[in-house]
Amino acid sequence: MPSSNLNGKHFEVVIIGAGMAGLASGIRLGLAGKESIILERHNASGGLNSFYSIDGHKYDVGLHALTNYVEKGTKGTPLTKLLRQLRIPYEALDLSPQVQSRIHFPSCELVFKNEFSHLESQVAEQFPNEIDGFRKLVETIRTLDAFNLGNQFISARATIRSYFKNPLLESMLLCPTMYYGSSTEEDMDFGQFAILFRSLFFEGFARPLNGVRTIIKALQDKYRSLGGIRKMRCGVDSIVSENNSVRHLILDDGAIITADKIISTAGIVETMRMCNNSSPEVEDNIGRLSFTETITLFEDQPKALGWEDTIIFFNTNDAFHYKSPDDDLVDPRSGVICLPNNYAYPNGQNLEHGILRITALAHTEDWFKLDPEQYKIKKEFWFNHLQSVALKILPNQSKSPHTLPSKIIAQDMFTPKTVHRFTGHINGAIYGSRDKVKGGETHLDNLFIAGTDQGFLGIIGAMLSGISMTNLHCLKD
Ligand SMILES: Cc1cc2nc3c(=O)[nH]c(=O)nc-3n(C[C@H](O)[C@H](O)[C@H](O)COP(=O)(O)OP(=O)(O)OC[C@H]3O[C@@H](n4cnc5c(N)ncnc54)[C@H](O)[C@@H]3O)c2cc1C
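About the thresholds
- Each chain has its residues counted from 1, running along the sequence as written.
- In keeping with the model being predicted, local features are shown solely for residues with a pLDDT of at least 70 and side-chain atom pairs are shown and tallied solely at 80 or more, while totals for entire chains, interfaces and linings include all residues.
- As a rule here, side-chain values cover all heavy atoms of the structure and leave hydrogens and water aside.
- In DSSP terms, a helix is any run of H or I states spanning at least four residues, a strand is any run of E spanning at least two, and both are numbered starting from the N terminus.
- Throughout, the radius of gyration refers to the C-alpha atoms, and the reference size of a globule is 2.2 Å times the residue count to the power 0.38.
- Summary of the burial criterion: residues with accessible area below 20% of their type's maximum are buried, those above 50% are exposed, and those between are partly exposed, where the area comes from a 1.4 Å probe applied to protein chains only.
- For this analysis, residues touch if any pair of their heavy atoms sits within 4.5 Å.
- Ring pairs shown here join Phe, Tyr and Trp side chains whose ring centres sit within 6.5 Å, with only the six-membered ring taken for Trp; geometry is labelled stacked below 30 degrees between planes, edge-to-face above 60, and tilted in between.
- By definition, being over a ring means that NZ of Lys or CZ of Arg is both within 6 Å of the ring centre and within 35 degrees of the ring normal.
- Between Lys or Arg on one side and Asp or Glu on the other, a salt bridge is scored when a side-chain nitrogen of the former is within 4 Å of a carboxyl oxygen of the latter.
- Here the axes come from fitting lines to C-alpha atoms, over the contacting stretch only for helices, and the angles between their N-to-C directions go from 0 to 180 degrees.
- Relative orientations are named as follows: roughly parallel for angles under 35 degrees, roughly antiparallel for angles over 145 degrees, roughly perpendicular for angles from 65 to 115 degrees, and oblique for any other angle.
- Classes in brief: Ala, Val, Leu, Ile, Met, Phe, Trp, Tyr, Cys and Pro nonpolar; Asp, Glu, Lys and Arg charged; the others, Gly included, polar.
- For two strands to be treated as a pair, DSSP must find at least two bridges joining them.
- Throughout, the edges of the domains are those of an automatic or database domain assignment.
- By buried area we mean the combined loss of accessible area, with a 1.4 Å probe, across both parts when two parts are placed together.
- Helices are assigned an expected span. That span is 1.5 Å times one less than the residue count.
- For this analysis, a polar contact is any N or O atom pair within 3.5 Å, provided that within protein one partner can donate a hydrogen and the other can accept it, and provided that sequence-adjacent residues contribute only side-chain to side-chain pairs.
- Near residues are defined by distance, with any heavy atom within 4 Å of the molecule or strand qualifying the residue.
- What sets the accessible areas is the Shrake-Rupley method with a 1.4 Å probe; for residues, cover comes only from the shown protein chains.

### Here we look at the overall build of the chain
So, step 1. Secondary structure summary: the chain contains 14 helices and 18 strands in total.
So, step 2. Taken against the 2.2 N^0.38 rule, which gives 23 Å for 477 residues, the C-alpha radius of gyration of the chain at 22 Å falls within 12% of a compact globule.
So, step 3. In terms of principal-axis extent, the alpha carbons of the chain reach across some 65 × 50 × 50 Å.
So, step 4. Taking all 477 residues of the chain together, the buried fraction comes to 59%.
So, step 5. Put simply, 74% of the contacts in the chain that link residues at least 6 apart link residues at least 24 apart.

Next up, the structure:
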């Protein structure tokens, strides 16, 4: 007997997944007076960008930084446009801007802030022979029609290289952009690079004091106020088709429901598996990039330890490699250090404890092969290893280069296995499949893809994807 009470029900639109894309899609439908239901397999909304508590300590997954930050009312920018499309007031996100961030390579550092001129002056200072090329590249990025859904893949590496003589600057610009949104190894699409470059450097970083909860609450409240229904612990097991259309959906509890249209944010390969329509070509598109992340809560504020940056994108060699590690569980050569305390929160407020998060590339398959004991041992090993890498990059007043110079209150770590468990993404692939479905269409005429695998990545990107795919496929008429 199905426990969801949905058996036999019909909806105008069913949305699979209550992540950023699914919630944004539901709001657009609600604003247009359409009846929708969001089905989520997990017990919390947010998907890749969620939160949890252990022993009374709150942790965010995702959200180092909300990209695309602009001040209220800045016209023509993605954040302003998306808030207008969702009819959510700017204040609801409670955003505070970053202090400053850094791209750290052994022989060079570039500091950047939410004002683009800061990065430009850093490039002029560190790479005086490249500043003209940099300005030309910036102009190309500024004028590119990067959101055109018909754009073909153009190599970002080759394009950037054509502007510079020094490969170091190419690597330094690719490191943050690839970490914040490349689903492909070693290179990325130039259009995607341009979208990320704008969102990181032309616009900037911000964070709500209460983290990702604030963003999820704003979306959930809006969806609920429009009459939208959200069913948690209610996964879609399979999608049954007839004559090139979805006939019905079978839920995990066996309930059968029907819908005029279905928007899936679960991923393209994951959705094809639900349709029983996988093939070697489809499976070949499974994402190969995942991360592991350490999270440490400690007694002091980072500033008291001399740690002033918000985000540090680091690389310990001058050449930058962005790929699934060849021969180990983690590639500690590069990564991202995030200090969520280092945002300019209002009225001197801050997080109760210092927080240090270290993200690095992780093997997408080998973490799944470990038995529980080995998994625990390897997690502990890599936690300590990544922490000592980060302590070499952060200003470190400690006598021991391996010891955090503050009393540790709690710590945790996630791996690709954790990502898979809580989001269903095969291999725990953070940025989903390699080849995106830019138009959102599938082999079935009423089933559409939105979110990570449609191609707009990150928190803002996923919401924009939910909005644009819903506008295009459900609201055009
Ligand atoms: C560690 C980490 C750090 C990040 N940092 C940042 C950052 O600082 N800034 C930034 O902009 N982005 C960041 N991101 C990326 C960002 O979180 C994602 O790009 C974005 O949240 C993707 O949203 P989505 O809705 O497309 O997909 P998802 O969040 O994956 O949502 C899909 C949802 O579908 C559900 N689902 C799957 N299968 C089924 C099924 N069969 N039935 C029902 N439900 C199903 C899943 O449980 C999930 O909730 C980070 C991600 C991670 C993991």
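### Examining the packing of aromatic side chains
So, step 1. Applying the stated rule across the entire model yields 23 aromatic pairs.
So, step 2. Between Phe-116 and Phe-197, the ring centres sit 6.2 Å apart and the planes meet at 65 degrees, which makes this aromatic pair edge-to-face. Taken together, the positions of Phe-116 in helix α3 (residues 116–126) and Phe-197 in helix α7 (residues 190–203) put the pair 81 residues apart, joining distant regions of the chain. As far as the burial class goes, Phe-116 and Phe-197 line up, both buried.
So, step 3. Between Phe-197 and Phe-201 the ring centres are 4.9 Å apart and the planes differ by 70 degrees, which places this aromatic pair in the edge-to-face class. Of the two residues, Phe-197 and Phe-201 are both situated in helix α7; the distance of four residues between them amounts to about one turn of the helix.
So, step 4. Members of the aromatic cluster, connected to one another through ring pairs, are Phe-112, Phe-116, Phe-134, Tyr-180, Phe-190, Phe-193, Phe-197, Phe-201, Phe-202, Phe-205 and Phe-313.
So, step 5. The residue whose ring lies beneath Arg-142 is Phe-202, and the NZ or CZ to ring-centre distance is 4.5 Å.

### Quick word on the pattern of salt bridges
So, step 1. Under the criterion given, the structure shown has 25 salt bridges.
So, step 2. Among the ionic pairs, Arg-41 bridges to Asp-252, the shortest N-O distance being 2.8 Å. Note that Arg-41 is positioned in the loop between β2 (36–39) and β3 (51–54) and Asp-252 in the loop between β11 (245–251) and β12 (256–264), a separation of 211 residues in sequence.
So, step 3. The partner of Glu-120 in a salt bridge is Arg-135, and the shortest N-O contact between them spans 2.7 Å. Placement of the pair is Glu-120 in helix α3 and Arg-135 in helix α4 (residues 131–143), with a sequence separation of 15 residues.
So, step 4. By relative accessible area, which is 22% here, Glu-120 ends up partly exposed.
So, step 5. Within the structure, one salt-bridge network assembled from shared partners comprises Arg-157, Arg-161, Glu-170 and Glu-186.

### Some thoughts on the packing of helix α6 (residues 167–179) against α7
So, step 1. One can describe the packing of α6 onto α7 by two numbers: an axis separation of 9 Å at closest approach and a directional angle of 90 degrees. On the basis of their axis angle, the class for α6 and α7 is roughly perpendicular. Of the residues in α7, those touching α6 at Leu-173, Leu-174, Pro-176 and Thr-177 are Phe-193, Leu-196, Phe-197, Leu-200 and Phe-201.
So, step 2. Its residues placed into classes, the contact of α6 with α7 shows eight nonpolar, one polar and no charged.

### Considerations on the sheet that holds strand β14 (residues 311–315)
So, step 1. Here we have seven strands laid out as an open sheet, ordered β7-β6-β14-β15-β16-β13-β17, and mixed in their pairing. The sheet terminates laterally at β7 (108–112) and β17 (408–414), the two strands that pair on one side only. Shown here is a sheet whose adjacent strand axes are inclined to one another by a mean of 15 degrees, direction ignored.
So, step 2. Bridge count for strand β15 (residues 330–338) against strand β16 (residues 354–362) is five bridges, and the pairing is antiparallel. Bridge assignment links Cys-338 to a residue of β16, and that residue is Arg-357.

### Points about the domain arrangement of the chain
So, step 1. Here the domain parsing of the chain yields domain 1 (10–70 + 210–285 + 433–474) and domain 2 (97–208 + 287–422).
So, step 2. Taking only C-alpha atoms, the centre of domain 1 and the centre of domain 2 are 27 Å apart.
So, step 3. Between domain 1 and domain 2, the residue contacts involve 32 residues of the former and 36 residues of the latter.
So, step 4. Taking both partners together, domain 1 and domain 2 bury about 2800 Å²; carbon and sulfur atoms supply 60% of that area.

### Describing α6
For an α-helix, 3.6 residues make a turn, and residues three or four places apart therefore share a direction.
So, step 1. Helix length check: α6, at 13 residues, gives a terminal C-alpha distance of 18 Å against a target of 18 Å (1.5 Å per residue), a fit within 8%.
So, step 2. Along α6, 12 of the 13 residues are buried, which leaves the element largely enclosed by surrounding structure.
So, step 3. Considered for burial, the residues of α6 that qualify are Leu-168, Leu-169, Glu-170, Ser-171, Met-172, Leu-173, Leu-174, Cys-175, Pro-176, Thr-177, Met-178 and Tyr-179.
So, step 4. Among the residues of α6, the N-terminal cap falls to Asn-166, whose side-chain oxygen and the backbone nitrogen of Leu-168 are separated by 2.9 Å.

### Re the side chain of Thr-184
So, step 1. Note that Thr-184 resides in the loop between α6 and α7.
So, step 2. With near-sequence residues (within four places) excluded, Thr-184 lies in contact with Met-178, Leu-289, Tyr-322 and Arg-434.

### With respect to the site of the ligand
So, step 1. The environment of the ligand is formed by 33 residues, the closest being Glu-40, Leu-48, His-64, Ala-65 and His-425.
So, step 2. Contact between the ligand and Leu-48: an oxygen atom at 2.7 Å from a main-chain N or O atom of the residue.
So, step 3. Backbone polar atom of Val-236 to a nitrogen atom of the ligand: 2.9 Å apart, as the coordinates give it.
So, step 4. With the chains in place, 97% of the 1000 Å² that the ligand exposes on its own is no longer accessible.
So, step 5. The greatest single-element share of the shell around the ligand, amounting to three residues, is contributed by helix α14 (residues 458–474).
So, step 6. Class assignment for the residues of the shell around the ligand results in 16 nonpolar, 14 polar and three charged.
So, step 7. Structurally, the shell around the ligand is a two-domain feature, drawing no fewer than three residues from each of domain 1 (10–70 + 210–285 + 433–474) and domain 2 (97–208 + 287–422).

### Structural notes on unusual backbone geometry
So, step 1. Of note in the backbone geometry, Glu-186 takes a positive phi value of approximately 65 degrees without being a glycine.
So, step 2. Examined against the element boundaries, Glu-186 turns out to sit in the loop between α6 and α7.
So, step 3. Classification of Glu-186 by relative accessible area gives partly exposed; the value is 23%.
So, step 4. Positive phi, close to 65 degrees, is recorded for Asn-427, a residue that is not glycine.
So, step 5. Following the sequence through the fold, Asn-427 ends up in the loop between α13 (416–423) and β18 (447–449).

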